[in-house]
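Descriptive analysis of the structure
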Amino acid sequence: MQILNGNQVAKIIKEQISENVKKLNEKGYRNPHLTAILVGNDGASKTYVNSKEADCKQVGFNSSVFRFEQDITEDFLIEKIKEINQNPEIDGLIVQLPLPKHISELKVTQTINPEKDVDGFHSMNLGKLMKGEDTFIPATPFGILMMLEIYNINTSGKHCVVVGRSNIVGRPMSILMSQNSKFGNCTVTICHSRTQNLEKYLKEADIIIAALGKPEFVKANMVKEGAIVIDVGITRVEDKNNEKGYVLKGDVDFENVKNVVSAITPVPGGVGPLTRIGLLKNTYKSYLKSQNIEGFE
Ligand code: NDP
């Protein structure tokens, strides 16, 4: 059984990006720049934005964060996004979700310039993904693809079951796994909360991608021997013995499932670091395009 180590993959890719940025600096190019907008005081969102800033620093990107109070108006946020859209010094813009209820996530994501939409949530970018065109792949599915590539996991002809159909994880993941590409070419089943006999589908899967947000939902008896399991879920579960007051749990009962499978991602240290890498890669891609840089990837 192999543990698919997201931290290790992240380290390799960060080193590659960092070296390239150094080389580009030597040639006189400016640094790539990622901007985040954070609205409100959600603890998890603050943690995510802080780690994205730290990642940028590590690879030589500039980063900036616009922090706004919970009660800002939708119009104010839209105007701010339009300003950033126009700023030639900024290559990537993300708006940390979830947003307060009075602000439309759809309207906000559609306002971001698709050329700077490094989260890949704009309909234009999701449409391109559907058609297999070059685009910003949403960060989590992109990170998972990089991991499949680094571990050289053969996906062709395999039955992949994706649990969850959100626009940011499950649905794009299902499309990518079915695409005619080296780390795609799967026969894909996508499951959700209305799926009947979910356990039957899981048991048939060669590859399971669990993205439902229900801690330890996937049990050892639901998984085929030798399957590959990618656990996207991250839920804070109360734990009074932990100094933070919670522990992070994935959607898979890792301790028991690991004894049945051929490869599995842990939580934490699996898909989480890869998601952050997906974002860095997309920012770097946007930067190469905005600066008309050729010969680097
Ligand atoms: P959403 O809540 O948007 O989507 C959850 C999906 O799971 C829905 O499609 C839902 O079905 C389905 N679902 C819920 N319960 C069940 C069930 N009992 N059986 C089958 N399907 C079910 O979540 P996200 O896609 O945004 O995130 C999923 C998980 O991944 C969360 O834990 C999140 O924190 C984590 N995550 C982790 C990231 C990382 O970096 N590792 C990045 C992004 C997310 P329906 O559509 O019918 O409601």
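Summarised in this report is the structure supplied together with it.

Re the nonpolar core
- Counting residues in hydrophobic clusters, the biggest one holds 54 residues, and the most contacted among them are Ile17, Phe61, Ile144, Leu148, Met177, Ile209 and Tyr284.
- In terms of residues, this core owes the most to one element, helix H10 (residues 271-290), which gives eight residues.
- The two domains that each donate at least three residues to this core are domain 1 (28-112) and domain 2 (139-272).
- Beyond its immediate chain neighbours, meaning those up to four positions away, Phe61 contacts Ile17, Val21, Pro32, Cys56, Leu280, Thr283 and Tyr284.
- Listed in part, the 18 residues of the second largest apolar core include Met222, Val223, Phe254 and Val261.

Comments concerning a nonpolar patch on the surface
- There is a patch of nonpolar side chains on the surface, built from Tyr48, Ile234 and Leu248 and spanning about 240 Å² of accessible area.
- Structurally, Leu248 is set in strand E10 (residues 246-249).
- Taking relative accessible area as the criterion, Leu248 reaches 33% and is therefore assigned partly exposed.

Side note on the pairing of strand E6 (residues 187-191)
- Judged from the five bridges that link them, strand E5 (residues 159-163) and E6 form a sheet pairing that is parallel. Looking across to E6, one finds that Val163 is bridged to Cys191.
- A crossover links E5 with its parallel partner E6, the connecting element being helix H7 (residues 170-178), and its sense is right-handed.

Observations regarding the packing of aromatic side chains
- By the definition in use, this model includes three aromatic pairs.
- Pairing Phe66 with Phe68 gives two aromatic rings, centres 6.3 Å apart and planes at 25 degrees, and the pair type is stacked.
- With relative accessibility at 14%, the residue Phe68 sits in the buried group.
- Ring pairs connect the aromatic residues Phe66, Phe68 and Phe76, which therefore count as one cluster.
- Positioned over the ring face of Tyr201 is Lys200, at 4.4 Å from the centre of the ring.

Conventions and cut-offs
- Residues numbered from 1 in each chain as written.
- Predicted model: local features only at pLDDT ≥ 70, side-chain atom pairs only at ≥ 80, totals over all residues.
- Heavy atoms only, no water.
- Core = buried A, V, L, I, M, F, W, Y, C linked by side-chain atoms within 4.5 Å.
- Buried < 20%, exposed > 50% of the residue type's maximum accessible area, 1.4 Å probe, protein only.
- Helix = DSSP H or I, 4+ residues; strand = E, 2+ residues; numbered from the N terminus.
- Domains from an automatic or database assignment.
- Contact = heavy atoms within 4.5 Å.
- Patch = residues over 30% accessible without salt bridge, like charges linked within 9 Å, V, L, I, M, F, W, Y side chains within 5 Å.
- Areas by Shrake-Rupley, 256 points an atom, 1.4 Å probe, with all protein chains shown as cover.
- Salt bridge = Lys/Arg side-chain N within 4 Å of Asp/Glu carboxyl O.
- Pairing = 2+ DSSP bridges.
- Right-handed = clockwise from strand over helix to strand, strands pointing away.
- Phe/Tyr/Trp six-rings, centres within 6.5 Å; stacked < 30°, edge-to-face > 60°.
- Lys NZ or Arg CZ within 6 Å of the ring centre and 35° of its normal.

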